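Geometric and topological summary
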Amino acid sequence: MSLRPTYRAIGIDLGTSTIKLSCAGNLKKIPSIVGTPLQGWSGFSGDKSLEKNLVISDGEKSLYVGELARLQSEIKRAIASEGKVKSIEDAILAIKAVLALITKKDHDQIIMATGVPVASSKKEMTKLAKGLKGNLDLRIENEATGEKFHRKLTIKNCIVMPEPFGTYYHTLKTEGESRAVDAIVIDVGHGSTDILTLYEGRIMRQASGSLEEATDTLTHRIAQELQNQTGKIIRPFDLMTALSQQKDILTIQGEKWDIASMKEYHIEIIADVILDEVNRLIGTLPPDAIIEKVILCGGGMHIFGGRLRAGFEQAGLADHPEMLAMPEDPVMSNARGFEMFARTFVNGLGVDGYNEL
Ligand SMILES: Nc1ncnc2c1ncn2[C@@H]1O[C@H](COP(=O)(O)OP(=O)(O)OP(=O)(O)O)[C@@H](O)[C@H]1O
Ligand SMILES: [Mg+2]
């Protein structure tokens, strides 16, 4: 048996609603939640896949991760919220758990690029990179089947960057652009909108930032308005599915409600807040800087995309249609881009390392 290491390039995007992972055509998306195990309960899941029944142990205690935590944990914690990674320890555990989903054997050598919300501090980013680098001993359990896995991996390199950089890199690569294009990337996610400006290949911190206004803002506003009109309690979370499926007619305790016009109204207000902030951030760039591309991504683009495009055209930021770019899958594009970025480091390993991807 050969113990020659296999180098794997992996891209991860740590979002407030889901963690996305991309590795050699394997795409994974799990809720960004960890939670305490439920004592005395196990094996009741209809879906027995590891992805839906993920438990990680750090040797002392166990933690539910992703869908299992979302559905079963009494006490659960979001890994990221208000545009920041909340607990580095939780983030490290969740990333380890998601790595277990795609590694099939011991002794894999991993080069990983991870995206975190733009508002995360340099200190937090360094802490995350340090916490992941080195030899990992993964102890994983499938809660539904009781199967236990023990896997040893080495994270040879871990690059932590602001989330939207993944989509920037993905866009340049898929368009065959070899030069660093001056661009602004707008990532409308669940809990925050992240804006990243790149000028002469460098991230411009002054002209980058994040906003609380995102998809979750829309669900909260519609829930509040429906509650005022119907007198019934509506949870913002329950509106998410209706929004994702573009459903405008809702049944609230037997009564039908059409949310089309209130949705349009709030989409317009939220999109305008995002456009204002983009304009303000661009205003901080040196006068000689010209933005060549406006790149749109994040799940929120399915909702706010049309309005934002129109706004950029009106503001003269996208005079030509080709100046506006949006990847085919705007939800996974950060993770895919980070995988491509990580792969450049794998190639850099030269003859020593071979790459099976
Ligand atoms: N096809 C779709 N149509 C409408 N809404 C969608 C669609 N796909 C995803 N969304 C919405 O987009 C949001 C998730 O987007 P995304 O995965 O980019 O967020 P995130 O990365 O988890 O959060 P953040 O970037 O704020 O940390 C959810 O609110 C979801 O309801
Ligand atoms: Mg995101």
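Structure first, text after, so check above.
Below, the structure is looked at part by part. (Residues numbered from 1 in each chain as written. Chains lettered and ligands numbered in written order. Predicted model: local features only at pLDDT ≥ 70, side-chain atom pairs only at ≥ 80, totals over all residues. Heavy atoms only, no water.)

Here's the deal with the packing of aromatic side chains
The full count for this structure, using the stated rule, is five aromatic pairs. A centroid spacing of 5.8 Å and a plane angle of 45 degrees characterise the contact between Phe165 and Tyr168, whose relative ring orientation is tilted. Highlighted residues: Phe165 and Tyr168, both in helix H4 (residues 165–174), separated by three residues, approximately one helical turn. On the basis of an interplanar angle of 75 degrees and a centroid distance of 5.3 Å, the ring pair of Phe165 and Phe341 is categorised as edge-to-face. With a gap of 176 residues between them, Phe165 in helix H4 and Phe341 in helix H9 (residues 333–347) connect regions that are remote in the sequence. With relative accessibility at 9%, the residue Phe165 sits in the buried group. When its relative accessible area of 16% is taken as the criterion, Phe341 is described as buried. Taken together, the ring pairs connect Phe165, Tyr168, Tyr169, Phe341 and Phe345 into an aromatic cluster. (Phe/Tyr/Trp six-rings, centres within 6.5 Å; stacked < 30°, edge-to-face > 60°. Helix = DSSP H or I, 4+ residues; strand = E, 2+ residues; numbered from the N terminus. Buried < 20%, exposed > 50% of the residue type's maximum accessible area, 1.4 Å probe, protein only.)

Quick word on the pairing of strand E17 (residues 249–252)
Side chains of E17 alternate between two faces, with Leu250 and Ile252 buried and Ile249 and Thr251 left unburied. Examined bridge by bridge, E17 and strand E18 (residues 255–258) share four bridges and lie antiparallel to one another. Residue pairing in the sheet places Ile252 in a bridge with Glu255 of E18. A loop of two residues connects E17 with E18, the two strands running antiparallel in sequence, and Gln253 in this loop sits at a positive phi of about 45 degrees. (Pairing = 2+ DSSP bridges.)

Here we look at the sheet that holds strand E2 (residues 18–23)
The strand order across the open sheet built from 10 strands is E3-E2-E1-E10-E12-E11-E5-E6-E4-E7, with neighbouring strands paired in mixed fashion. Looking at strand neighbours, the two that pair on one side only are strand E3 (26–31) and strand E7 (76–78), the edges of this open sheet. Each neighbouring strand pair of the sheet contributes to a mean axis angle of 35 degrees, computed without reference to strand direction. Contacting strand E1 (6–14), strand E10 (108–116), strand E11 (134–142) and strand E12 (148–162), helix H3 (residues 122–132) crosses the sheet at an angle of about 150 degrees to E12. On top of the sheet, H9 reaches E1, E2, E3, E10 and E12; it is set at about 150 degrees to E1, its chief contact. (Axes fitted to C-alpha atoms, helices over the stretch in contact; angles between N-to-C directions. Contact = heavy atoms within 4.5 Å.)

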